Amino acid sequence: MVFEKKIIGHRGAAAHAPENTLVAFENARALNCHCIEFDVMLSVDGEAFVFHDDTLHRTTNGFGKFGLATSQYLKSLDAGRWFSKAFRGEKIPTFREVLEWLALSEMHANVEIKPFPGSTEQTTLAVLHHIRDYWPVGKALPLVSSFDVQALVMCHRLAPELPLGLLLHHWDEHWKRLADDLNCVSVHLNRHIATKSRVHAIKKAGFLVYVYTVNSKRLATKLFDWGVDAVFSDYLVLNMKTKYQLMVRRLI
Ligand code: G3P
Ligand code: MG
């Protein structure tokens, strides 16, 4: 087993380049990552962008709430300078642009539907329409995940061919019924709720287990020993030295 094969690039390659940008995805590819995870949100006028936070200030030079911003405003922002001067001018990519990038690469993808509060239905429909209309022919379909169960219910009903992943930030005793009902292929656990017995139970029920966000080789090794199938990491080389530790804390 090649260790790095079991690492999914979290928000692209969040420790190496500004998260959820095309340059982060390029970095993931350069670091031989085989699968990236990214988040999709909608602007107020309904365009799908790849972005994580509800607000703009942490990762852009903009202000206010993401879901209240127009696509024109979002496209004017710098989403790279906060990370380092070297990335000045990097833009918030649209979902369409990321799909175009994926079409030109071998990279697998985990699309996380991240609805701005109150926009579950519109965000899910936008993600499904984009995948239906622009997913590269012949490429393995993306794994679609969300913390928002309603988003997954819509995916299951409207696009049953899509592989789904149930994301759990807090442990939910009803995980099996949810994952079964939604015909999920995987259950994605916050590292704080990942225990050996839970991992074994999920595996025994026939689902893949992924854990986020794992930025230490020691934790990754323990999780793999328990049977975890892959981890989401900001670091695509988990034995990178500790000069980045402060940055990791900021990213998590
Ligand atoms: O999908 C795994 C992970 O990305 C979930 O947490 O907040 O980084 O989107 P978050
Ligand atoms: Mg995510």
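Located above this text is the structure these notes cover.
Figured I'd write up the structure that's included with this text. Here the structure is a predicted model, which means the values were calculated and not measured. (Residues numbered from 1 in each chain as written. Chains lettered and ligands numbered in written order. Predicted model: local features only at pLDDT ≥ 70, side-chain atom pairs only at ≥ 80, totals over all residues. Heavy atoms only, no water.)

### Side note on the coordination of the magnesium ion (ligand 2)
So, step 1. Taken together, Glu37 (OE), Asp39 (OD) and Glu112 (OE) make up the protein donors of the magnesium ion (ligand 2), found 2.0 to 2.2 Å from the metal.
So, step 2. Ordering the donors of the magnesium ion (ligand 2) by residue number gives the pattern E-x1-D-x72-E. On the criterion of sequence distance, the pair formed by Asp39 in strand E2 (residues 35-42) and Glu112 in strand E4 (residues 108-113) is long-range, its members being 73 residues apart.
So, step 3. Taking relative accessible area as the criterion, Glu112 reaches 5% and is therefore assigned buried. (Donors = N, O, S within 2.8 Å, 3.2 Å for Na, K, Ca; no water. Helix = DSSP H or I, 4+ residues; strand = E, 2+ residues; numbered from the N terminus. Buried < 20%, exposed > 50% of the residue type's maximum accessible area, 1.4 Å probe, protein only.)

### Here's the deal with the site of ligand 1
So, step 1. Lining the immediate surroundings of ligand 1 are His10, Arg11, Glu37, Asp39, His52, Glu112, Lys114, Phe147, Leu167 and Tyr212.
So, step 2. Residue Asp39 places a side-chain N or O atom 3.1 Å away from an oxygen atom belonging to ligand 1.
So, step 3. Lys114 places a side-chain nitrogen or oxygen 2.7 Å from an oxygen atom of ligand 1. (Near = heavy atom within 4 Å. Polar contact = N/O pair within 3.5 Å; in protein donor to acceptor, adjacent residues only side chain to side chain.)

### Overview of the environment of Asp181
So, step 1. Tracing the backbone shows Asp181 in helix H6 (residues 175-181).
So, step 2. Between the alpha carbons of Asp181 and Gly67 there is a distance of 30 Å; along the sequence they are 114 residues apart.

### Some words on the packing of helix H4 (residues 120-134) against helix H5 (residues 149-158)
So, step 1. Between H4 and H5, the least distance of the axes is 9 Å, while the angle of their chain directions is 40 degrees. Overall, the two elements H4 and H5 adopt an arrangement that is oblique. The handedness of the crossing between H4 and H5 is right-handed. For the pair H4 and H5, the contacting residues are Thr120, Glu121, Thr124, Leu125 and Leu128 in the first and Gln150, Ala151, Met154, Cys155 and Leu158 in the second.
So, step 2. For the contact of H4 with H5, a count of residues per class yields six nonpolar, three polar and one charged. (Axes fitted to C-alpha atoms, helices over the stretch in contact; angles between N-to-C directions. Parallel < 35°, antiparallel > 145°, perpendicular 65-115°, else oblique. Left-handed = near helix turned anticlockwise from the far one by under 90°. Contact = heavy atoms within 4.5 Å. Nonpolar A, V, L, I, M, F, W, Y, C, P; charged D, E, K, R; others polar.)

### Some details on the state of the cysteines
So, step 1. The full count for this structure, using the stated rule, is zero disulfides.
So, step 2. Free cysteine: Cys33, not disulfide-bonded; nearest cysteine sulfur from Cys35 at 6.7 Å. (Disulfide = S-S within 2.5 Å.)

### So, the pairing of strand E9 (residues 230-233)
So, step 1. Of the two faces of E9, the one lined by Ala230 and Phe232 and the one lined by Val231 and Ser233 are each fully buried.
So, step 2. By the bridge criterion, three bridges tie strand E1 (residues 7-9) to E9 in an arrangement that is parallel. Within E9, the residue paired with Ile7 across the bridge is Val231.
So, step 3. Taken together, the two bridges between strand E8 (residues 208-212) and E9 define a ladder with parallel strand orientation. Residue pairing across strands places Val211 opposite Val231, the latter belonging to E9.
So, step 4. Taken together, E8, helix H8 (residues 217-226) and E9 constitute a β-α-β crossover, and its handedness is right-handed. (Pairing = 2+ DSSP bridges. Right-handed = clockwise from strand over helix to strand, strands pointing away.)

### Notes on the environment of Gly206
So, step 1. With respect to the element layout, Gly206 can be found in the loop between helix H7 (196-204) and E8.
So, step 2. Each C-alpha atom of the pair Gly206 and Val228 lies 12 Å from the other, and the pair is 22 residues apart in sequence.

### Here we look at the pairing of E2
So, step 1. Within E2, eight of the eight residues are buried, which leaves it mostly tucked inside the rest of the structure.
So, step 2. The alternating pattern of E2 places Cys35, Glu37, Asp39 and Met41 and Ile36, Phe38, Val40 and Leu42 on opposite faces, both of which are buried.
So, step 3. Pairing of E2 with E4, which is carried by six bridges, proceeds in the parallel orientation. Among the inter-strand pairings, Asp39 is bridged to a residue of E4, identified as Glu112.
So, step 4. When E2 meets strand E3 (residues 48-50), the two strands line up antiparallel, connected through three bridges. Across the sheet, residue Met41 finds its bridge partner in E3, namely Phe49.

### A look at the nonpolar core
So, step 1. Phe38, Phe95, Leu102, Leu189, Val211 and Val231 are the most contacted members of the largest nonpolar core, which totals 63 residues.
So, step 2. A per-element tally of this core places helix H3 (residues 95-103) first, with five residues.
So, step 3. Those residues in contact with Leu189 that sit more than four places away from it in its chain are Leu168, Trp171, Ala194, Ile202, Val209, Tyr210, Val211 and Tyr212.
So, step 4. Formed by eleven residues, the second largest nonpolar core is a distinct cluster that contains Phe49, Leu56, Leu77 and Ala79. (Core = buried A, V, L, I, M, F, W, Y, C linked by side-chain atoms within 4.5 Å.)

### A few points about helix H1 (residues 22-30)
So, step 1. By the burial criterion, the buried members of H1 are Val23, Ala24, Phe25 and Ala28.
So, step 2. The secondary structure elements touched by the buried residues of H1 are E2, E3 and H3.
So, step 3. Following H1 by one or two positions, Asn32 adopts a phi angle in the positive range, close to 65 degrees.

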